[in-house]
Each structure stands twice: as C-alpha cells, then as structure tokens.
Amino acid sequence: MSDSNNQSTHGMMAEFDSVDSLLAAARRIRDAGYTKIDAYTPFAVHGIDDALGIKPTKLPWITLTGGVIGALTALAMQIWMNSINYPYIISGKPYISLPAFIPVAFELTILFASFGSFFGMLALNRLPRFSNPVFTNPRFDLATDDKFFLYVDAKDARYDGEGVARLLGDSGAASVDPVVEDETPTEVPKIFFTLAGVLAMVAIIPVLVVAMMRVTTSSQPRFHVFYDMDFSPAKDAQQVTTLFADGRVMRPDVPGTVIRSEDGFDIDFQTGVDMEALAAMDPARAEHLVRLVAQAPADEAAPADEAAGDQVADAQAAGGASEPVDNTPWLQDNPLEVDAELLATGQEKFNIYCAVCHGVSGRGTGLVHLRAQRIQSPTWVQPSSLHQDILYANNYADGKLFSVITNGIRKMPGYGAQISASDRWAIVAYVRALQLSQNAEESDVPAGQRAAVAQAE
Ligand code: HEC
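As the structure is a computational prediction, the values presented were derived from the model and not from experiment. (Residues numbered from 1 in each chain as written. Predicted model: local features only at pLDDT ≥ 70, side-chain atom pairs only at ≥ 80, totals over all residues. Heavy atoms only, no water.)

## Focus on the packing of helix H3 (residues 59-85) against helix H4 (residues 98-124)
The description of two helices packed together rests on the angle between their axes and the distance between the axes.
Right, on to step 1. The contact between H3 and H4 brings their axes to 6 Å, and the two run at 145 degrees. Judged by the sense of rotation from one axis to the other, the crossing of H3 with H4 is right-handed. (Axes fitted to C-alpha atoms, helices over the stretch in contact; angles between N-to-C directions. Helix = DSSP H or I, 4+ residues; strand = E, 2+ residues; numbered from the N terminus. Left-handed = near helix turned anticlockwise from the far one by under 90°.)

## A look at the coordination of the iron atom of the ligand
Right, on to step 1. Those donors, His358 (NE2) and Met412 (SD), are the protein atoms that reach the iron atom of the ligand, and they lie 1.9 to 2.2 Å from it.
Right, on to step 2. Here the iron atom of the ligand is ringed by six donor atoms whose angles at the metal span 86 to 178 degrees, and the overall shape comes out octahedral. Remark: Met412 occurs in the loop between helix H15 (398-407) and helix H16 (421-438) and His358 occurs in helix H13 (residues 355-358); sequence separation between them is 54 residues.
Right, on to step 3. Residue classification places Met412 among the partly exposed positions, given a relative accessible area of 23%. (Donors = N, O, S within 2.8 Å, 3.2 Å for Na, K, Ca; no water. Tetrahedral: all angles 85-135°; square planar, octahedral: opposite > 155°, others 65-115°. Buried < 20%, exposed > 50% of the residue type's maximum accessible area, 1.4 Å probe, protein only.)

## Some points on the packing of H15 against H16
Right, on to step 1. Two elements in contact, H15 and H16, have axes separated by 9 Å at closest approach and are oriented at 120 degrees. One element, H15, and the other, H16, form an angle in the oblique class. Helix-helix and strand crossings are classified by hand; for H15 and H16 the assignment is right-handed. Between H15, through Asp398, Gly399, Leu401, Phe402, Ile405 and Thr406, and H16, the contact on the second element is made entirely by Ala421, Arg424, Trp425, Ile427, Val428, Val431 and Arg432.
Right, on to step 2. Among the residues forming the contact of H15 with H16, the class breakdown is eight nonpolar, two polar and three charged. (Parallel < 35°, antiparallel > 145°, perpendicular 65-115°, else oblique. Contact = heavy atoms within 4.5 Å. Nonpolar A, V, L, I, M, F, W, Y, C, P; charged D, E, K, R; others polar.)

## Structural notes on the pattern of salt bridges
Right, on to step 1. In total, this model carries six salt bridges according to the counting rule given.
Right, on to step 2. Salt-bridge contacts for Arg251 lead to Asp246; the nearest nitrogen and oxygen are separated by 3.0 Å.
Right, on to step 3. Taking the relative accessible area as the measure of exposure, Asp246 reaches 43% and is therefore partly exposed.
Right, on to step 4. With a closest N to O distance of 2.6 Å, Asp398 and Arg432 form a salt bridge. In this pair, Asp398 is assigned in helix H15 and Arg432 in helix H16, connecting sequence segments 34 residues apart. For the pair shown, Asp398 and Arg432 are each scored as buried. (Salt bridge = Lys/Arg side-chain N within 4 Å of Asp/Glu carboxyl O.)

## Regarding a nonpolar patch on the surface
Right, on to step 1. A cluster of nonpolar side chains, Val198, Met201, Val202, Ile204, Ile205, Leu208, Val209 and Met213, forms an exposed patch at the surface whose accessible area comes to about 760 Å².
Right, on to step 2. Mapped onto the fold, Ile204 is located in helix H6 (residues 190-215).
Right, on to step 3. You can call Ile204 partly exposed: its relative accessible area is 42%. (Patch = residues over 30% accessible without salt bridge, like charges linked within 9 Å, V, L, I, M, F, W, Y side chains within 5 Å. Areas by Shrake-Rupley, 256 points an atom, 1.4 Å probe, with all protein chains shown as cover.)

## Some details on the environment of Val68
Right, on to step 1. By secondary structure assignment, the location of Val68 is in helix H3.
Right, on to step 2. Sequence separation between Val68 and Ile110 is 42 residues; the distance between their C-alpha atoms is 9.6 Å.

## Quick notes on the pairing of strand S3 (residues 148-153)
Right, on to step 1. Within S3, six of the six residues are buried, which leaves the element mostly enclosed by the surrounding structure.
Right, on to step 2. Both faces of S3 are covered, namely the face carrying Phe148, Leu150 and Val152 and the face carrying Phe149, Tyr151 and Asp153.
Right, on to step 3. Of the pairings in the sheet, the one linking strand S1 (residues 9-16) to S3 comprises six bridges and is antiparallel in character. The partner of Gly11 across the bridge, within S3, is Asp153.
Right, on to step 4. Pairing of strand S2 (residues 37-40) with S3, which is carried by four bridges, proceeds in the antiparallel orientation. When the sheet's bridge partners are listed, Ala39 is paired in S3 with Leu150. (Pairing = 2+ DSSP bridges.)

## Concerning helix H1 (residues 19-31)
Right, on to step 1. Look at H1: 18 Å from first C-alpha to last across 13 residues, which is about the 18 Å you get at 1.5 Å a residue.
Right, on to step 2. Within the span of H1, buried status applies to Ser21, Leu22, Leu23, Ala25, Ala26 and Ile29.
Right, on to step 3. In this structure, the buried residues of H1 make contact with S1, S2, helix H2 (48-52), S3 and helix H5 (161-170). (Expected span 1.5 Å × (residues − 1).)

## Notes on the sheet that holds S2
Right, on to step 1. Sheet architecture is open: four strands sit in the order S2-S3-S1-S4, paired in antiparallel fashion. Of all the strands in the sheet, the pair left with one neighbour each is S2 and strand S4 (175-180). Sheet twist, expressed as the average angle between the axes of neighbouring strands with direction ignored, equals 25 degrees.
Right, on to step 2. Where S1 lies against S4, six bridges are found, and the strand directions are antiparallel. The residue of S4 that forms the bridge with Met13 is Asp177.

Remember that the coordinates give geometry; whether it matters functionally is a separate question.
What follows is the structure, given as structure tokens:
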C-alpha cells in the first residue's frame, strides 16, 4: 500500500489453465500469508474455499437475526393490535392467543429471514456494483468460459507488486497481469435522464385520469373493473331462487328452533305475560304466544308480527271504546330491577326508537308526526300521547306496554325484531319515569331538592 507505484494498480491477476493448477497456486499464496485473495472460475470448484483460506460466511447469522426480528415483530404487532389497541374477541379465543398468532408470525419470520439473506448477501459482497477493475483485462472474460483466475488484492498487507507477480508465476500461472484502474468514463449518458423524466411524466397520467373521474360526471355507464364485486349475485329479500325447491330466497327457521338471546330464555320475560296463568285461562292463546316467541314452523303459526298486538287491540275493542276489557294476565311489574342504569338505557333506546313518533316528552308530537302533518298525509294516525290516563300504570300493566313495543298495536309497528327484550323492558321503565315526570307532585321530589325545583319554575 505504501508503494506509490501501485497507486493505479488494484492488484495482481493470474490466469490458470486447469483446476488443479489453480488450487495448488491458491494454497501457495494462502500459505505465503496473503488474505485478500479471490478466485474466478467458470464453475464451482470444490475445495477452493479451503485453498483460499476463506472463513465461513456470516450470512447464516444475519438470516437468523432477520428471522428472530420477524417473529418478534409479528407477535408484538398482533398482541398490540388484538389485545391493546382494539381488543376484539375472535372465535371465543383469548385476546392474546399464541396459536392464532402462529401463521402471521411464521410468515414474517420467513420474510425477514429472506430479507436478511438477500440484503445481507448483497452487503457482504458489496453489491450492487456496476463495474470492477478486473474487467479491464480483456482475457478476464474467459473466467466464464474455460480459464481460471486468481486475484491478489493490493490492499493486502503483504502486497508488493513484483513479489506477488513472481510468486504467482512460480505457482504455474499461464500469465500474470496487474489489474489497473478502469479509465472508462463514469458519467451516466444524458439519454437516461431524459428517459427517466419522460417515464415520470407518463406515470402521472393514470393518477390524473383517476382524479378526474372522481370529480366529473358522465352520461356513459360506469366502467366496472371488477364486475362481480360491483354486482354480487346475492339475492334480495323476498326474491325467487332456483336453488331451493320451494323457490324462496328467505329460508324459514328449522322447525323447533328456539330463540337464544343474551337474556336467556324466559317466556314471561319475552312476552310480558304470566304464561302459566294464561295457559289456565286460554290454552290456545298461550300456545299461540309461545309459538310466536319460540318461532314454531311458519306453516303452523299465525302471521307473527301483529298477532299479539291485535289481541290487545281486539280486547280493547271488544269491551267497547268507553270501557276496554282486557283480561290477559299481563305481568304487572317490570321484571328487571329499576335503577338509574336501567332508566339511562331506557332513555337512550326510547330516544332512538320511539321519540321520532311519540316525541321526546312522549306527547305524540315527534318529528315524523310533524312531517306527516306538513305534507298532510291522509293515512297518518297521530302517535298516542303516552300521558293519557289509560296508559298509566294502574290501568295499563307493564307487561302490556312491553307487548305493545314488541308487537305493535293497530297503526304502530312492532319493534320486537329491532330491540332486545331487556332493552324493551328498559324502555317500559323509562316510559313510566316519563309519565311520572309529567305529573309529579311536590311530594315526589326528594325533600332536599324541592328548593331547586321551585327556583327553576
Ligand atoms: C312509526 C311511529 C311510531 C314509533 C316509532 C313508535 N310508535 Fe308507538 N304509536 C304510534 C302510533 C301511530 C300509535 C297509535 C296507534 C293507533 O292508535 O292506531 C302508537 C301507540 C302507542 C301506544 C299506545 C298503545 C295503546 O294501547 O293505545 C304506546 C304505549 C306506544 N305507542 C309506545 C311506543 C313506544 C314505547 C315506542 C318505542 C319503542 C313506540 N311507541 C314507537 C307510532 C309509533
């Protein structure tokens, strides 16, 4: 290195005619103490690593490190996503379920290990490299054909041009040449910059086209890239299909299906009726109600929706408008414990499902009603005020109110399908509170808060 004559010399290249002479020379050079040496052969030569004194590669360690990082990344990612950032129960597994994390962990282990191998190999070999001074020797091309080359780098501590050349010559080299600096110009031809510029411009065009399509309208039908994603073959409710013998898209429940809900199954709770008492009085109707709730085979049950509501209405009509008679053994009281939490749920659900028609205060003047009036809808019936005497608890059992919410009544549709049974009972509790709020006596207000009420007035 200190030799100034070697400035433009990268090293010494010796050419050999056979594998054996190459191996013998490599051993000699190695034994002479040179370490920065390399061989170029047209095919893999067994024993060359040993002959050159090449140490085993570090690549497996880089690959292992990549794999370990991959596995840890996958586990950390899944644990964070599934149990910290967005805890979500999937198939009843715990948030941190290692068996479930294995596929992703496996994939990332492989991926990062491959990255380690691939990029590690490039880095260890100092690639990519577009040119190498050894290419300056025109004979070097034969390294891909039938000649064998041994190269001693000038960076080797023991390197001195003359001595190496002599050693190589003595070792049976057909020829020995110094590897000189590559003097060919290194600038990138201008045409490449022009091409890159043109490509960059062209690449913007699809983006612009998409952007334009998003802000303009067209009289032509839309272009569907994935036709079957835009138009799925799924059927809509009530359509006909050839898939089933009866032609119905909507499948009836399997006979004997019983509702399972978060409430468990309690027939009184689901119907608002004391079913044992009803069975004693009117077995047919009791059976009918049980069927409705338990979803008996469709061909045996009466149309499910309004039947129970009609029962209430019929009972009222039967007794004449002035004095309705309804001897259904309704549950008198809410089966749920009425506390602040239940009332809060009830208020929330009431404001979602009932207030649109009955109004937030329950006076029957919700937004839907106001709108119906404005457009003078001829068929609209005003939602009942929930503050009519007839609807107060002493005239109107909680179970009956529950049944109205569940099955609807006369013009009012039922909400049993949308609102769970316990939420319906919460609404019942809230309607009671609402009724109380409109008729409260001073004595209903806790003593400590009467002053505040008086002030508000
Ligand atoms: C789509 C509008 C609408 C919604 C939503 C609605 N109701 Fe009604 N409700 C009515 C109408 C209309 C009537 C009067 C029906 C009639 O007399 O034909 C009525 C009647 C009632 C009655 C009187 C029953 C009787 O025996 O006379 C009660 C109680 C009642 N609704 C409670 C509720 C509750 C609680 C909710 C929320 C779960 C609710 N309604 C949601 C329209 C609605």
